[in-house]
Amino acid sequence: MNSPHDVDVLVIGSGIAGLTFALKLAGGGAPGGRVRTRVAIVTKKDRADSNTNYAQGGIAVVLAGDDAEELHVRDTLDSGAGLCHPAAVEQLVREGPERVRELVEWGARFSRGEGGGLELGREGGHSRRRIVHAADYTGREVERALLAALAAHPDVRMLEDHLALDLLLAHAGSPAAPGPGQGARCAGALVLDRETGEVLEFRARAVLLASGGLGCVYRHTTNPEIATGDGVAMAWRAGADVADLEFVQFHPTALYPAEGRAFLISEAVRGEGAVLRKLDGSKLGTSGNDNEAVEAARAPVPELSLRTRDVVARAIYRELSESGDPYVLLDASHMPAGRFAARFPVIAAECRSRGIDVPGEPIPVVPAAHYSCGGVVTDLDGRSTVPGLYAAGEVACTGVHGANRLASNSLLEALVWAHRAARAVAAELEAASVLPGDVVAPTTPAHRREHDAVRILALRRELQELMWADAGIVRNDECLLRAEQRLRRMRNEVEAEYRREAPWPELAELRNLAEVALLIVRCAVARPESRGLHFNTDHPGRDDAGFARDTVLRDGEAGTARQVQQG
Ligand code: SIN
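Read on for a plain summary of the structure.

## Things to note about the site of the ligand
Phase 1: Neighbouring the ligand are Gln-56, Gly-57, His-251, Leu-264, Ser-266, Glu-267, Arg-309, His-370, Arg-405, Ala-407 and Ser-408.
Phase 2: Measuring from an oxygen atom of the ligand, one finds a backbone N or O atom of Glu-267 at 2.7 Å.
Phase 3: Ser-408 places a main-chain nitrogen or oxygen 2.8 Å from an oxygen atom of the ligand.
Phase 4: Alone, the ligand offers 260 Å² of accessible surface; in the complex the protein occludes 96% of this.

Dropping the structure here:
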């Protein structure tokens, strides 16, 4: 190794995708890997602080006797509104059960039914019970099991409080050329040690982006504050293709008021029969303005509470707009109190701490940004369009989710693609790609001035309000164009400021938020129709002739990624 920060493989992010990948790859553990592989995981806060940790629902897999792979594939394709890639969905469904078995072997303790088998829950858009879960804290249990399995591993180094700033690029020829997206190879990342303020160069033979989501682009989100779209922004600046970012999923049922990290009321509560009601107690109906042709063609059409998230969130949005009410109600009063507390202990405790006596009393809920269906474009093995750069988990756009992710397909996707990427990276390392040589002309300024944290926070808030109002659950052309103009200015201002100063975390995150918000809006503008999670009132119909394809943004506005001379 040439420097203390040189590793074989760098993993950015410590959620289910990053940890699974590291576990498989370290020590030649990935199928096809024979050599010991030194892996570093950089994570920007605490190792367990990830979207995974807050996932309540579970992992959708075909295990039940009345279920079949074709049904899970069909439900996923229907939910994705014509944009899922069938090969990706088939891979997800086919390989899912094996990945879940592996998790159990690594120590994950999922809820069991009376006969001792895995208990299967139901969620919206699923035609069968197929959600493997650990009560209502599945993500936390998976994260616990993976961290425990990794703890004993000598070849994996975990660095907390390390924020990746930008990807390093290498080129076999002149260090000065080419630029991002022009044949360069990913060769590591620049990483800020939050404790010391030092910027470190981690050079690596391959990099996995597993940095999670981007919910903090919006005013209301179920995501933790770390979900600032860092991976998509870094990949884009390095020249990778990104796609389908207009499809941000709003979870229909965040606990009201949805401030800070909004507390999620799992869709599994509706899966157990809870229904959505207006404040007058009547049942909520569909919005009537949805493009629901595919769903409507299915018989029987499920009751609203069990329909896909795009449909349910829009129905709530319409009700709130028309009534002026601040929330709708989720009524689980059909469930015995003991059963509710056993199945949803975390939700029950949170509701009670807020004075809501569940399940007797209804729960006030509103939609909140939850999941990005789009992201860094990958193939079936997690390869991005930049050689050496892989992506898995929410940061990736694998083709599985299309225009609307089916509930509980995301932890599954992370597992399947992490496994596949580990195998592909192991094969690539064996085929002898070398560690890149010296970094050329690092340009991170050393100048430190007093950080204006108040201003940066105000800009962050402005961006979140703007995205909520103009690029939220319902959009229109005028709002999107206004948002694009403001975001372009904001992105340029923040980028200029970032380049003037020694990096500091809040500014680096704002830089990524501004980049990603602009990408979301650009994708939305490029889709003048309504499909899945993207609903534009100026184009309320689905246009299969014109837009039954991904929105791919290519060739990042280059110049911010570093060049590295390949050794
Ligand atoms: C939920 O429990 O409703 C969230 C799970 C998911 O996003 O798939």
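## Here's the deal with the packing of aromatic side chains
Phase 1: All told, the structure shown has five aromatic pairs when counted by the stated rule.
Phase 2: Taken together, a centroid distance of 6.4 Å and an interplanar angle of 75 degrees make the contact between Tyr-218 and Trp-468 edge-to-face. Taken together, the residues span a long stretch of sequence, with Tyr-218 in the loop between strand 9 (199-209) and helix 6 (230-237) and Trp-468 in helix 13 (residues 453-470) at a distance of 250 residues.
Phase 3: Relative accessible area serves as the criterion here: at 26%, Trp-468 is assigned to the partly exposed category.
Phase 4: Centroid distance Phe-250 to Trp-468: 5.8 Å. Interplanar angle 65 degrees. Geometry classified as edge-to-face. Note that Phe-250 is positioned in strand 11 (residues 248-255) and Trp-468 in helix 13, a separation of 218 residues in sequence.

## Points about the pattern of salt bridges
Where charged atoms from two side chains of opposite charge approach closely, those side chains can pair.
Phase 1: Summed over the entire model, instances satisfying the criterion amount to 47 salt bridges.
Phase 2: For the salt bridge of Arg-420 with Glu-95, the shortest nitrogen-to-oxygen distance reads 2.6 Å. Of this pair, Arg-420 sits in helix 12 (residues 410-430) while Glu-95 is found in helix 4 (residues 86-105), placing the two residues 325 residues apart along the sequence. Summarising the burial analysis for this pair, Arg-420 and Glu-95 share the class buried.
Phase 3: Beyond isolated ion pairs, a larger network of salt bridges with shared partners links Glu-246, Arg-527, Glu-529, Arg-531, Arg-542 and Asp-544.

## Observations concerning the sheet that holds strand 3 (residues 59-60)
Phase 1: Strands sit in the order 3-5-4 across an open sheet of three strands; the sheet is antiparallel. Since the sheet does not close on itself, it has two edges, and those belong to strand 3 and strand 4 (120-121), each with one partner.
Phase 2: Bridging between strand 3 and strand 5 (residues 131-132) involves two bridges; their strand directions are antiparallel. Considered in strand 5, the bridge of Ala-60 is made with Ile-131.

## A look at the side chain of His-534
Phase 1: Note that His-534 resides in the loop between helix 15 (505-525) and helix 16 (544-547).
Phase 2: If we ignore the near neighbours within four places in the chain, the residues touching His-534 are Glu-246, Phe-247, Arg-475, Ala-524, Arg-527 and Glu-529.

## Side note on helix 11 (residues 345-353)
Phase 1: For helix 11, every residue scored as buried is listed here: Ile-347, Ala-348 and Cys-351. Projection of helix 11 onto a plane perpendicular to its axis shows the buried side chains occupying an angular sector of 100 degrees, all on one side.
Phase 2: The inward-facing, buried residues of helix 11 abut helix 7 (267-271), helix 10 (337-343) and strand 14 (363-372).
Phase 3: Once helix 11 ends, the next one or two residues include Gly-355, with phi positive near 80 degrees.

## Focus: the nonpolar core
Phase 1: Leu-10 and Ile-12 are the most contacted members of the largest nonpolar core, which totals 77 residues.
Phase 2: Ranked by residue count, the leading element in this core is helix 15, at 13 residues.
Phase 3: Contact partners of Ile-12, with chain neighbours within four places excluded, come to Val-42, Ala-164, Leu-167, Ala-189, Val-207, Leu-208, Leu-209, Ala-210, Ser-211 and Met-234.
Phase 4: Of all hydrophobic cores here, the second largest spans 55 residues; its members include Val-9, Ile-59, Leu-208 and Ala-424.

## Brief notes about the sheet that holds strand 10 (residues 242-243)
Phase 1: As summarised here, the arrangement of the four strands in space is 17-15-10-18, forming an open sheet in which the pairing is mixed. The open sheet has two edge strands, strand 17 (396-397) and strand 18 (552-553), and neither has a second partner.
Phase 2: In terms of strand pairing, strand 10 meets strand 15 (residues 375-377) through two bridges, oriented antiparallel. Across the sheet, residue Ala-243 finds its bridge partner in strand 15, namely Gly-375.
Phase 3: In the packing of helix 6 onto the sheet, the strands contacted are strand 10, strand 15 and strand 18, and the crossing angle to strand 15 comes to about 40 degrees.

## Regarding the packing of helix 3 (residues 69-79) against helix 4
Phase 1: It is the contact of helix 3 with helix 4, at a shortest axis distance of 9 Å, that shows an interaxial angle of 135 degrees. With respect to helix 4, the axis of helix 3 lies oblique. Both helix 3 and helix 4 take part in a crossing whose hand is right-handed. Two secondary-structure elements touch here, helix 3 through Glu-69, His-72, Val-73, Thr-76 and Leu-77 and helix 4 through Pro-86, Val-89, Glu-90, Val-93 and Arg-94.

## What to know about the pairing of strand 9
Phase 1: Counting buried positions over the eleven residues of strand 9 gives nine, a clear majority of the element.
Phase 2: Inspection of the sheet shows strand 8 (residues 185-193) paired to strand 9 by five bridges, in the antiparallel sense. Paired with Ala-189 across the bridge in strand 9 is Phe-202.
Phase 3: Between strand 8 and strand 9, which follow one another and run antiparallel, lie five residues, and Gly-197 among them has a positive phi close to 80 degrees.

## Observations regarding the environment of Val-73
Phase 1: Within the fold, Val-73 resides in helix 3.
Phase 2: The exposure class assigned to Val-73 is buried, which follows from its relative accessible area of 14%.
Phase 3: Taking the C-alpha atoms as reference, Val-73 lies 9.9 Å from Val-400; in sequence the two are 327 residues apart.
Phase 4: Not counting residues within four places of it along the chain, the set of residues in contact with Val-73 comprises Val-89, Glu-90 and Val-93.

## Digging into unusual backbone geometry
Phase 1: With omega at -5 degrees, the peptide bond leading from Tyr-256 into Pro-257 counts as cis.
Phase 2: Its location among the elements puts Pro-257 in the loop between strand 11 and helix 7.
Phase 3: With an omega of 0 degrees, the peptide bond between Val-358 and Pro-359 qualifies as cis.
Phase 4: As for its position among the elements, Pro-359 is in the loop between helix 11 and strand 14.
Phase 5: The backbone phi angle of Ala-81 is positive, close to 55 degrees, even though this residue is not glycine.
Phase 6: Among the secondary structure elements, Ala-81 is positioned in the loop between helix 3 and helix 4.
Phase 7: Of note, Ala-135 is a non-glycine position whose phi angle comes to about 40 degrees, a positive value.

## Remarks on the pairing of strand 8
Phase 1: Strand 8 sits mainly inside the fold: nine of its nine residues count as buried.
Phase 2: Relative to strand 8, strand 7 (residues 162-171) runs antiparallel, the two being bridged by eight bridges. Paired with Leu-168 across the two strands is Gly-188, which belongs to strand 8.

Cut-offs used in this document
- Along every chain, residues carry numbers that run from 1 in the direction the sequence is written.
- Local features in a predicted model are, by the rule used here, given only for residues with pLDDT of at least 70; side-chain atom pairs are given and counted only at 80 or more, and totals for whole chains, interfaces and linings are based on all residues.
- In computing side-chain values, all of the structure's heavy atoms are included and hydrogens and water are not.
- Neighbouring residues are identified by heavy atoms, a residue being near a molecule or strand if any of them is within 4 Å of it.
- A 3.5 Å cut-off defines polar contacts: any pair of N or O atoms within that distance qualifies, except that in protein one atom must be a possible hydrogen donor and the other a possible acceptor, and neighbouring residues in sequence count only when both atoms are side-chain atoms.
- Only the protein chains shown count as cover for residues, and all accessible areas are computed by the Shrake-Rupley method using a 1.4 Å probe.
- Centres within 6.5 Å are what make two rings of Phe, Tyr or Trp a pair, Trp counting through its six-membered ring; a difference in plane orientation under 30 degrees is then read as stacked, over 60 as edge-to-face, and the rest as tilted.
- Every helix listed is a DSSP run of H or I at least four residues long, and every strand listed is a run of E at least two residues long, numbered separately from the N terminus.
- Burial classification: accessible surface area is computed with a 1.4 Å probe over protein chains only, and a residue below 20% of its type maximum counts as buried, one above 50% as exposed, and the rest as partly exposed.
- For this analysis, a salt bridge means a side-chain nitrogen from Lys or Arg found within 4 Å of a carboxyl oxygen belonging to Asp or Glu.
- Between any two strands, at least two bridges found by DSSP are needed for them to pair.
- By the convention used here, residues are in contact when the closest approach between their heavy atoms is within 4.5 Å.
- Starting at the helix axis, one direction is taken to each C-beta atom, and the arc is that of these directions.
- For our purposes a nonpolar core is just a set of buried Ala, Val, Leu, Ile, Met, Phe, Trp, Tyr and Cys residues, chained together by side-chain atoms within 4.5 Å.
- Here, axes are lines fitted to C-alpha atoms. For helices the fit covers the stretch in contact, and angles between N-to-C directions go from 0 to 180 degrees.
- Any angle between 65 and 115 degrees counts as roughly perpendicular, while under 35 counts as roughly parallel, over 145 as roughly antiparallel, and the rest as oblique.
- Crossings are sorted by hand: turned counterclockwise from the far helix by less than a right angle, the near helix makes the crossing left-handed, and turned clockwise it makes it right-handed.

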